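Here's the letter readout for the chains.
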Amino acid sequence: MAHVLHHTYLPFTADQLREHFAPVLAPGERDRHLRYYQASVEEARKHDELIRAGDRPTRAQTRLGRQMEKDERFWLATALMSLYHANGGSGQDELFARLLERAGLRPPPGFSRWEDALAGALELFFEVNLPSPGSYRAWLRDHLGDRTPIPYLKEQAEAPGARLEGTTKADAMLLAPATGVAVIFEAKVLSDISTHVTFDLARNQLARSIDVMLQANPALPAPLSLRKPERTFLVLLTPALTQPGRAGDAISKSRLYGWLMPAYQDPHSSLLRQHLPHRDGSELAQAAERLGWASWEDCHSVAPAACSWLTATPGTA
């Protein structure tokens, strides 16, 4: 019988995890994503062996051996797979519906309940690469002088055939192929929203995710090609401590996403329009209503096994 990868931080087998990596068209190593998890699990095993032998791990050994305790990939895989595989996979729509309701989201027009919007066989994918919208790259090419203040970068961007932006990686995507409804998950534990974009000083990770959310991808392999942009939602997953209203604005505003997400969610705010100037204003106002914010604690409440470390003793496996 196959063993789970880690009893606390990834209580699923390698075969189960492998099934959830997004399909790609380009050839490549099938298990390139899986190896990342296996390497961290192996470091945890070596660290635990040192402890059992009575040795004191070095700081480097502890950092490697307990990396998964703060690793967003492990948190996300365990949280969402716990919902997806609970009770043998039955009731997936109900569990995800409860999580989306906790994120403050309503089902798309035409569906009275989330269970209806998520009808049919659900797909859960990790490491989903979504192409940069052509409309954004065309807009940026016409506004390099405004968005690219570094001379050599501007020269690179103006070179023939320059790729102004690559794909945006969605941490996870829940997809209902039968209805075209999808939920993109952006996961944060200790890190913040990235602002490192080569050719656009005003671009950030959250705005990029919203931008690709609004773009159809008919060229992607099925079932990713079946996602409908107007029925696509984005959920930011963070510790409850960083959510507005949970522990006060002083803590929520300590992260960039604590400022950006509430403004992006406000259909009357101009910030999202300023950050996505190539998009239609009415399109962005509608998109604002499809942005949700949930916590890891919400996942654990929906499925008690989803984030067991939130109640477990630190360092135990």
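Just so you know, these numbers come straight off a predicted model, no measurement behind them.

Trainee: It is not clear to me how the environment of serine 308 should be interpreted in this structure. Could you clarify?
Mentor: By secondary structure assignment, the location of serine 308 is in the segment after α15 (296-302). A sequence separation of 230 residues divides serine 308 from threonine 78, and the C-alpha atoms of the two residues are 9.4 Å apart. Sequence-distant contacts of serine 308, defined by excluding residues within four places in its chain, comprise Thr8 and His300.

Trainee: What am I meant to see in the nonpolar core here?
Mentor: Across soluble globular proteins, nonpolar side chains show a tendency to be buried alongside one another. By size, the foremost hydrophobic cluster in this structure holds 55 residues, and its most contacted members are Leu17, Phe126 and Phe185. Per-element tally for this core: the top contributor is helix α4 (residues 72-85), with nine residues. Apart from residues lying up to four places away in sequence, leucine 17 is in contact with Leu5, Leu10, Leu34, Tyr37, Ala77, Met81 and Phe126. Counting residues in hydrophobic clusters, the runner-up holds 30 residues, among them Tyr257, Met261, Leu272 and Leu291.

Trainee: Is there a simple way to think about the sheet that holds strand β1 (residues 123-130) in this case?
Mentor: By definition, the strands of a sheet pair up through backbone hydrogen bonds, in either a parallel or an antiparallel sense. In spatial order, the strands read β1-β2-β3-β4-β5; together these five strands make up an open sheet with mixed pairing. With partners counted over all chains shown, the strands left at the sheet margins are β1 and β5 (291-295), one partner each. The mean angle between the axes of side-by-side strands here comes to 30°, regardless of whether they run parallel or antiparallel.

Trainee: Is there a simple way to think about the pattern of salt bridges in this case?
Mentor: Oppositely charged side chains are able to pair whenever their charged atoms sit close together. By the definition in use, this model includes 18 salt bridges. For the salt bridge of glutamate 186 with lysine 188, the shortest nitrogen-to-oxygen distance reads 3.5 Å. For glutamate 186, a relative accessible area of 2% corresponds to the buried category. Given a relative accessible area of 4%, lysine 188 falls into the buried group. Between arginine 203 and aspartate 211 there is a salt bridge, with the nearest N and O atoms lying 3.0 Å from each other.

Trainee: I'm lost on the packing of aromatic side chains in this one. Help?
Mentor: Each aromatic ring pair is described using two quantities: the centre-to-centre distance and the angle formed by the ring planes. Across all of its chains, the model carries eight aromatic pairs by this definition. Taking 4.8 Å as the distance between ring centres and 20° as the angle between the ring planes, the aromatic pair formed by tyrosine 9 and tryptophan 309 counts as stacked. A residue pair is termed long-range when its members are at least 10 positions apart, and tyrosine 9 in the segment before α1 (14-18) and tryptophan 309 in the segment after α15 qualify at 300 residues. Note that lysine 253 overlies the ring of tryptophan 259, its terminal NZ or CZ placed 4.8 Å from the centroid.

Trainee: Before we go on, may I ask you to explain helix α2 (residues 32-52) in this structure?
Mentor: Residue pairs three or four apart in sequence face the same way in an α-helix, which turns once every 3.6 residues. The end-to-end C-alpha distance of α2, which contains 21 residues, comes to 31 Å, matching closely the 30 Å that a straight helix rising 1.5 Å per residue would cover. Here α2 has its buried residues at His33, Leu34, Tyr37, Ser40, Val41, Ala44 and His47. Take α2 and look down its axis: the buried residues cluster within an arc of 150°, on one side only. Buried residues along α2 sit against α1, α3 (59-65), α4 and β1.

Trainee: How do you make sense of the environment of phenylalanine 12 when you look at a structure like this?
Mentor: Mapping phenylalanine 12 onto the fold places it in the segment before α1. Classification of phenylalanine 12 by relative accessible area gives buried; the value is 8%. Considered as a pair, phenylalanine 12 and alanine 2 are 10 residues apart in the sequence and their alpha carbons are 9.3 Å apart. Every residue in contact with phenylalanine 12, bar those within four places of it in the chain, is listed here: Val4, Leu5, Thr78, Met81, Ser82 and His85.

Trainee: Can you walk me through the side chain of threonine 179 in this structure?
Mentor: Positionally, threonine 179 belongs in the loop between β2 (168-176) and β3 (181-187). Under the relative-accessibility criterion, threonine 179 is labelled buried at 9%. Residues in contact with threonine 179, not counting those within four places in the same chain, are Phe111, Asp116, Ala117, Ala119, Lys228 and Arg231.

Trainee: Explain the packing of α4 against helix α5 (residues 92-102) to me, please; I cannot follow it from the model alone.
Mentor: Two packed helices can be described by the angle between their axes and the distance between those axes. Taken N-terminus to C-terminus, the directions of α4 and α5 make an angle of 140°; their axes are 7 Å apart at the nearest point. Viewed along their axes, α4 and α5 adopt a mutual orientation that is oblique. Taking contact as the criterion, the partners of Leu80, Leu83 and Tyr84 in α4 are, on α5, Gln92, Leu95, Phe96 and Leu99. Across the contact of α4 with α5, the residue classes tally to six nonpolar, one polar and no charged.

Cut-off values and rules
Residues numbered from 1 in each chain as written. Predicted model: local features only at pLDDT ≥ 70, side-chain atom pairs only at ≥ 80, totals over all residues. Heavy atoms only, no water. Helix = DSSP H or I, 4+ residues; strand = E, 2+ residues; numbered from the N terminus. Contact = heavy atoms within 4.5 Å. Core = buried A, V, L, I, M, F, W, Y, C linked by side-chain atoms within 4.5 Å. Buried < 20%, exposed > 50% of the residue type's maximum accessible area, 1.4 Å probe, protein only. Pairing = 2+ DSSP bridges. Axes fitted to C-alpha atoms, helices over the stretch in contact; angles between N-to-C directions. Salt bridge = Lys/Arg side-chain N within 4 Å of Asp/Glu carboxyl O. Phe/Tyr/Trp six-rings, centres within 6.5 Å; stacked < 30°, edge-to-face > 60°. Lys NZ or Arg CZ within 6 Å of the ring centre and 35° of its normal. Expected span 1.5 Å × (residues − 1). Arc of directions from axis to C-beta. Parallel < 35°, antiparallel > 145°, perpendicular 65-115°, else oblique. Nonpolar A, V, L, I, M, F, W, Y, C, P; charged D, E, K, R; others polar.

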